[in-house]
Amino acid sequence: RCARHALVVKKQWLDKIVAGEKAWEIRGCATKRRGWIHFAESKAGGKLVGRARLVDCIPIPKQTFSKHVRQHCVARVSEIPYKRIFAWVLENAERFSKPYVYKHRPGTVIWVSV
């Protein structure tokens, strides 16, 4: 494993990311983190299922959100619960051939140390 942190992502979005169908992970806050990250499947009890390079973080105005559906796979901006929208830009995403187990600390919802 090459990263020290894992981003916790819901299964429906995680599957699209590691399949190469989704290049932007939508979040309600910015991140300064860059480089290789792992993906932890939300509510999966401590499984790392893939990795990608986090290369950028860009604010997305609500009025232009629908122009980028190919990158983020969210059909309508009304589905986004955040006041401000940020796209965490991912490259070289891949699924691990078998998941790695890690200890998921209670209360961690965005980043976990691995």
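Residues numbered from 1 in each chain as written. Predicted model: local features only at pLDDT ≥ 70, side-chain atom pairs only at ≥ 80, totals over all residues. Heavy atoms only, no water.

Moving on, we get to the environment of Gln71. Structurally, Gln71 is set in helix H2 (residues 69-72). Taking the C-alpha atoms as reference points, Gln71 and Lys22, separated by 49 residues in sequence, lie 5.4 Å from one another. The contact partners of Gln71, leaving out residues within four places of it in the chain, are Lys22, Ala23 and Trp24. (Helix = DSSP H or I, 4+ residues; strand = E, 2+ residues; numbered from the N terminus. Contact = heavy atoms within 4.5 Å.)

Applying the stated criterion to the full structure yields zero disulfides. Between Cys57, a free cysteine, and Cys29, which holds the nearest cysteine sulfur, the sulfur-to-sulfur gap is 7.7 Å. (Disulfide = S-S within 2.5 Å.)

Enumeration according to the criterion identifies nine salt bridges in this entry. For Glu25, the salt bridge goes to Arg27, with nearest N and O atoms at 3.1 Å. The same class applies to Glu25 and to Arg27, which are both buried. Each of the salt bridges in this network shares a partner with another, and the network as a whole consists of Lys11, Asp15 and Arg95. (Salt bridge = Lys/Arg side-chain N within 4 Å of Asp/Glu carboxyl O. Buried < 20%, exposed > 50% of the residue type's maximum accessible area, 1.4 Å probe, protein only.)

Below, the discussion takes up the layout of surface pockets. Of the voids in this model, the largest pocket is the one considered here, and its volume is about 530 Å³. Contributing to the lining of the largest pocket are 25 residues, with Lys10, Trp13, Glu25, Arg27 and Tyr82 lying nearest its centre. When residues of the lining of the largest pocket are traced back to their parent elements, those giving at least two are strand E1 (5-9), helix H1 (11-18) and strand E2 (24-27). A total of three residues in the lining of the largest pocket trace back to one element, the largest contributor, which is E2. Its residues assigned to classes, the lining of the largest pocket shows eleven nonpolar, seven polar and seven charged. (1 Å grid on protein atoms, 1.4 Å probe; cavity = no way out; pocket = protein on both sides within 12 Å on 5 of 7 lines; lining within 4 Å. Points joined across faces, edges and corners; volume = space filled by probe spheres on them. Nonpolar A, V, L, I, M, F, W, Y, C, P; charged D, E, K, R; others polar.)

All right, on to the sheet that holds strand E5 (residues 86-101) then. Two pairing modes exist for strands in a sheet, parallel and antiparallel, and in both the strands are linked by backbone hydrogen bonds. The strand order across the open sheet formed by six strands is E2-E5-E4-E3-E1-E6, and the pairing between neighbours is mixed. Two strands lie at the open edges of the sheet, namely E2 and strand E6 (111-113), each paired on one side alone. Averaged over all pairs of adjacent strands, the angle between strand axes in this sheet comes to 45°, irrespective of strand direction. Of the strand pairs in this sheet, E1 and E6 are connected by three bridges, and their pairing is antiparallel. Note that in E6 the partner of Leu7 across the bridge is Trp111. (Pairing = 2+ DSSP bridges. Axes fitted to C-alpha atoms, helices over the stretch in contact; angles between N-to-C directions.)

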